[in-house]
Amino acid sequence: MTLHGDALKIAIEQTRTKWGWFVALGVLLLIFGGIAFANLFVATVASVYVVGWLMLMGGIIEIVHAFGVKTWSRFFYWLLSGLLYAVAGFFAFGNPLLASAVLTFLLAIALVASGVLRAWVGYSHRPERGWGWIVAAGVVSALAGLIIAMGWPVNSLWVLGLFLAIDLIFQGWTFVAVGLALKK
């Protein structure tokens, strides 16, 4: 066996002894996903706060970075970019309902755009095997975006929370499956 193969085998064996932690984390994520499903509005507000924190931290990092650049034009670019990010982060904290409406609309646009692009790429690769799956995935994404856009702004009270709940549940099941597979 090669050096990399031995290292991989050792890493898997070391991870195998921690299978219980994977299962425990999976169960915890499943519980959080269930809680998020039980109250999609609270989950939506929580996801807006997370995005707000990330934007605020990103803005602070860009502002600090601005003072390390050598030219004035780049200094003002990074400073303005950081200030806009920080203001957007504060905006998310100050008015999470409006921020959830903006984020939901941006999500709808992103799903439609990526879905149309994916369908086009799949269709343009018609002679290749599996092109139909790419087109189908693109159509599903575009339809999801259109459904979200048609229900906007009312659905912005729960859409982000629904996506968070679904993600937590899928991640939870994944960790449980990996942990049980490691146990065998």
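Residues numbered from 1 in each chain as written. Predicted model: local features only at pLDDT ≥ 70, side-chain atom pairs only at ≥ 80, totals over all residues. Heavy atoms only, no water.

1. Quick word on the overall build of the protein
- Assigned secondary structure in the protein consists of 7 helices and 0 strands.
- Moving toward the C terminus, one meets the helices and strands of the protein in the order α-α-α-α-α-α-α.
- Over its C-alpha trace the protein gives a radius of gyration of 22 Å, far above what one expects of a compact globule, namely 16 Å for 184 residues.
- Taken along its principal axes, the extent of the C-alpha atoms in the protein is 55 × 45 × 40 Å.
- Here the protein holds 184 residues, and the buried ones make up 29% of them.
- Put simply, of all contacts in the protein between residues at least 6 apart along the chain, 75% involve residues at least 24 apart.
- With an accessible surface of roughly 12,300 Å², the protein has 78% of that area assigned to carbon and sulfur atoms. (Helix = DSSP H or I, 4+ residues; strand = E, 2+ residues; numbered from the N terminus. Rg over C-alpha atoms; globule rule 2.2 N^0.38 Å. Buried < 20%, exposed > 50% of the residue type's maximum accessible area, 1.4 Å probe, protein only. Contact = heavy atoms within 4.5 Å. Areas by Shrake-Rupley, 256 points an atom, 1.4 Å probe, with all protein chains shown as cover.)

2. Remarks on the side chain of Ser100
- Looking at the element boundaries, Ser100 is found in helix H5 (residues 96–124).
- Apart from the residues lying within four places of it in its own chain, the contact partners of Ser100 are Thr44, Val48, Ser156 and Leu160.

3. Thoughts on a nonpolar patch on the surface
- Nonpolar side chains collect at one region of the surface, where Phe91, Leu98, Val102, Phe105, Leu106, Ile109 and Trp152 lie side by side and expose about 610 Å² of accessible area between them.
- Along the chain, Phe105 falls in helix H5. (Patch = residues over 30% accessible without salt bridge, like charges linked within 9 Å, V, L, I, M, F, W, Y side chains within 5 Å. Salt bridge = Lys/Arg side-chain N within 4 Å of Asp/Glu carboxyl O.)

4. Comments concerning the nonpolar core
- Residues Leu29, Ala36, Leu40, Ala43, Ala165 and Leu168 constitute the largest nonpolar core, which totals 6 residues.
- Among the elements of the structure, helix H2 (19–38), helix H3 (40–66) and helix H7 (159–183) are those that each provide at least two residues to this core.
- Filtering out sequence-adjacent residues up to four positions away, Ala36 remains in contact with Ala43, Ala165 and Leu168. (Core = buried A, V, L, I, M, F, W, Y, C linked by side-chain atoms within 4.5 Å.)

5. Focus on unusual backbone geometry
- For the bond running from Trp152 to Pro153, omega is 5 degrees, close enough to zero to count as cis.
- For Pro153, the position within the fold is in the loop between helix H6 (131–151) and H7.

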